[in-house]
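Spelled out, the chains give:
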Amino acid sequence: MSTTISDTPRCDRAQLARQVEEILDATPAWDLHTHLYPASFGTPLAGTGASAADPKGLMLWGIDELLTYHYLVAEVFRVVPSRVLPYADFWRMSKQQQADHIWQHLFLERTPVSEACRGVLTTLQRLGLDPADKDLDGYRKWFTQQDPNDHVDRVMQASGVCRITMTNDVFDDNERQRWLTDPAVGSDSRFAPVLRFDPLLCDWPSAARQLSAWGYRADENPSPEGIAEVRRFLSDWLDRTGAIYCAVSLPPTFRYNGLDDTQVSSVIFREAVLPTLAERNLAMALMIGVLRGVNPRLSIAGDGLEKADVSSICRLCTDFPDNRFMVTLLSRENQHELAVAARKFDNLLPFGCWWFLNNPSIIEEMTRVRMELLGTSFAPQHSDARVLEQIVYKWSHSREIIAKVLADKYADIIRAGWPVSEDDMRRDAKLLLHDNFQNFVAGR
Ligand code: RAT
Ligand code: ZN
């Protein structure tokens, strides 16, 4: 029997959009990649907590940290260029002075429409502060009245995040010492550990020197004994941290050319890293595309990006079927190619809209492309937050967009005659914000 347009089921799009948004808002998210830490790693802003401020502490929180986020540092030099305020002078300022400078020039003297500026406003608002007050000292006062440990709960509640994944950089001396001094430093169950070791794959000569200094017999041209030592090093740190996966960030020039590739990075990856992970049933996260230090005078704000090589990812997925790869790429131009690759390899999980892609227009485009090619089988977002409260805005902005895309897709299939129940919507939201990642890291 033929069906005419008027026979096809109709839906109230506005009502559907509201319903999906409510469901997304109510679904707890597992933030799968951040640079956040619990108070056990120390915090430069003590608040009302029991412990004193630790200037080198790793838990960053509060309005001064929010305002000096490196995304905003880069933006303030657009409006107060280095010929007016030299980079070195900015870096010599105290954190509070830098925050004052950014607040003055990006928020008071201009309209804060960039995504990073808007993020500060959403965050203040969702924490119950009024952005219209424009009262920086008042905000400071409010933050210093919080106990950092309780504040973590409040922020997780406000952002709908049920678990925060850390980035535990074993080559960072500050962090490394904290793990060695206190074996329980990472035991806060709200935070999941992840072992990060960029120098192993990006700068083997210096990684080898470090490993030797730490008592592992590493050689510049890795011998079978040297490889065994890298594996021992990884095992020690996997045991120490209890990492749920491992991660590296790689330059756009990263290549993996197959099983006979003799580049040192490929040898270390193929013979030390991947077998260790396969043995322990752990996934490997590859974050590819960052050009470090495009403008080194901007320090951490000075990195750029270029297109990565997706065929290297396909080769890895082919050559290592017993390994699982979570992949995020920094260039917009790579996104379609990566989604197509994920259709070919079930050991590949595309995740997040990373860093320069974490803007509404691009999140929407990427989420549509992924959903059209992969259905609901991907992890649409991570926050990459460096400052605790950033998870509030990053998740609120992203949830809104994911809901919009999902509602459009539901409307399309409803028009095609397929009913979508509220239970279906809840299941999909849970897959996207939580379970796809959880199942992938668990190897299910
Ligand atoms: O997003 C960021 O804050 C970057 O500076 C990087 O940390 C990046 O996310 C990374 O993990 O290397
Ligand atoms: Zn990151």
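Residues numbered from 1 in each chain as written. Chains lettered and ligands numbered in written order. Predicted model: local features only at pLDDT ≥ 70, side-chain atom pairs only at ≥ 80, totals over all residues. Heavy atoms only, no water.

Draft legend 1. Just the overall build of the chain, in detail. If you tally the helices and strands in the chain, you get 18 helices and 11 strands. The globule rule puts the C-alpha radius of gyration for 444 residues at 22 Å, and the 23 Å found for the chain is close to it. Here the C-alpha coordinates of the chain stretch approximately 75 × 55 × 45 Å along the principal axes. Within the chain, the proportion of its 444 residues that are buried is 55%. Here the contacts in the chain between residues at least 6 apart in sequence split such that 76% fall between residues at least 24 apart. When the accessible area of the chain is evaluated, it comes to approximately 19200 Å², of which 50% is carbon and sulfur surface. (Helix = DSSP H or I, 4+ residues; strand = E, 2+ residues; numbered from the N terminus. Rg over C-alpha atoms; globule rule 2.2 N^0.38 Å. Buried < 20%, exposed > 50% of the residue type's maximum accessible area, 1.4 Å probe, protein only. Contact = heavy atoms within 4.5 Å. Areas by Shrake-Rupley, 256 points an atom, 1.4 Å probe, with all protein chains shown as cover.)

Draft legend 2. How the structure looks around the sheet that holds strand 5 (residues 195-196). Across the sheet, 6 strands lie side by side as 3-5-6-7-10-11; this open sheet has parallel pairing. Where the open sheet ends on each side, the last strands, each with one partner, are strand 3 (168-169) and strand 11 (348-350). Of the pairings in the sheet, the one linking strand 10 (residues 325-329) to strand 11 comprises 3 bridges and is parallel in character. Bridge pairing links phenylalanine 325 to leucine 348 in strand 11. Packing of helix 14 (residues 310-319) onto the sheet brings it into contact with strand 7 (283-288), strand 10 and strand 11, and relative to strand 10 it is tilted by some 175°. (Pairing = 2+ DSSP bridges. Axes fitted to C-alpha atoms, helices over the stretch in contact; angles between N-to-C directions.)

Draft legend 3. Local environment of the site of ligand 1. For ligand 1, the full set of nearby residues is His33, His35, His70, Tyr71, Arg196, Ser249, Met287, Arg292, Trp354, Trp355, Asp384 and Arg386. Here histidine 33 contributes a side-chain N or O atom positioned 3.2 Å from an oxygen atom of ligand 1. Compared with its free state, where it exposes 300 Å², ligand 1 has 98% of that area covered by protein. One can see that ligand 1 is located within the largest pocket. Here the shell around ligand 1 is built from residues that sort into 4 nonpolar, 4 polar and 4 charged. (Near = heavy atom within 4 Å. Polar contact = N/O pair within 3.5 Å; in protein donor to acceptor, adjacent residues only side chain to side chain. 1 Å grid on protein atoms, 1.4 Å probe; cavity = no way out; pocket = protein on both sides within 12 Å on 5 of 7 lines; lining within 4 Å. Sits in = over half its atoms within 2 Å of the grid points. Nonpolar A, V, L, I, M, F, W, Y, C, P; charged D, E, K, R; others polar.)

Draft legend 4. Quick peek at the nonpolar core. With 151 residues, the main nonpolar core has Phe197, Leu200, Tyr245, Met284 and Met326 as its most contacted residues. With 13 residues, helix 17 (residues 390-415) is the largest single contributor of residues to this core. Residues contacting methionine 284, with those up to four places away along its chain left out, are Phe197, Cys246, Ala247, Val248, Phe269, Val273, Leu274, Leu277, Arg324, Phe325 and Met326. (Core = buried A, V, L, I, M, F, W, Y, C linked by side-chain atoms within 4.5 Å.)

Draft legend 5. The arrangement of the coordination of the zinc ion (ligand 2) in detail. Surrounding the zinc ion (ligand 2) are the protein donor atoms His33 (NE2), His35 (NE2) and Asp384 (OD), at 2.0 to 2.1 Å. Each donor residue of the zinc ion (ligand 2) lies on the same chain, and together they follow the pattern H-x1-H-x348-D. Placement of histidine 35 in the loop between strand 1 (29-31) and helix 2 (63-67) and of aspartate 384 in the loop between helix 16 (360-374) and helix 17 is noted, with a sequence separation of 349 residues between them. (Donors = N, O, S within 2.8 Å, 3.2 Å for Na, K, Ca; no water.)

Draft legend 6. Structural view of a negative patch on the surface. Negative charge collects at one region of the surface, where Glu21, Glu22, Asp25 and Glu400 lie side by side. No other element matches the 3 residues that helix 1 (residues 13-26) contributes to the negative patch. Along the chain, glutamate 21 falls in helix 1. On the basis of relative accessibility, which here comes to 33%, the residue glutamate 21 falls in the partly exposed class. (Patch = residues over 30% accessible without salt bridge, like charges linked within 9 Å, V, L, I, M, F, W, Y side chains within 5 Å. Salt bridge = Lys/Arg side-chain N within 4 Å of Asp/Glu carboxyl O. Lys, Arg positive; Asp, Glu negative; His and termini not counted. Charge placed at Lys NZ, Arg CZ, Asp CG, Glu CD.)

Draft legend 7. Just the pairing of strand 2 (residues 161-165), in detail. Note that strand 1 and strand 2 share 3 bridges and pair parallel. Each residue of the ladder has a partner; that of tryptophan 30, found in strand 2, is arginine 163. For strand 2 and strand 4 (residues 191-192), the ladder comprises 2 bridges, and the chain directions are parallel. Within strand 4, the residue paired with isoleucine 164 across the bridge is phenylalanine 191.

Draft legend 8. Summary view of the domain arrangement of the chain. Here the chain is partitioned into domain 1 (4-38 + 161-442) and domain 2 (40-144). Once you take the C-alpha centre of each, domain 1 and domain 2 turn out to be 27 Å apart. The interface is formed by 32 residues belonging to domain 1 together with 30 residues belonging to domain 2. Together domain 1 and domain 2 conceal approximately 2900 Å² of surface at their shared face, both sides included; 63% is due to carbon and sulfur atoms. Together, Arg178, Glu389 and Tyr393 form the three largest contributors to the area buried by domain 1 at its contact with domain 2, with a combined 20%. Linking domain 1 with domain 2 are 1 salt bridge, by the criterion used here. With a closest N to O distance of 2.9 Å, arginine 178 and aspartate 54 form a salt bridge. Linking domain 1 with domain 2 are 15 residue pairs in polar contact (both at pLDDT 80 or more), by the criterion used here. Sorting the residues of the side of domain 1 that touches domain 2 by element identifies helix 9 (173-181) and helix 17 as the ones contributing at least two each. With 7 residues, helix 17 is the largest single contributor of residues to the side of domain 1 that touches domain 2. Tallied by class, residues from the side of domain 1 that touches domain 2 come to 14 nonpolar, 10 polar and 8 charged. (Domains from an automatic or database assignment. Buried area = accessible area lost by both parts, 1.4 Å probe.)

Draft legend 9. The packing of helix 8 (residues 148-159) against helix 17, seen in detail. Two elements in contact, helix 8 and helix 17, have axes separated by 8 Å at closest approach and are oriented at 10°. Between helix 8 and helix 17, the interaxial angle falls into the category roughly parallel. Touching Val155, Met156, Ala158 and Ser159 of helix 8 are Ile391, Val392, Trp395 and Arg399, all from helix 17. The residue inventory of the contact of helix 8 with helix 17, partitioned by class, reads 6 nonpolar, 1 polar and 1 charged. (Parallel < 35°, antiparallel > 145°, perpendicular 65-115°, else oblique.)

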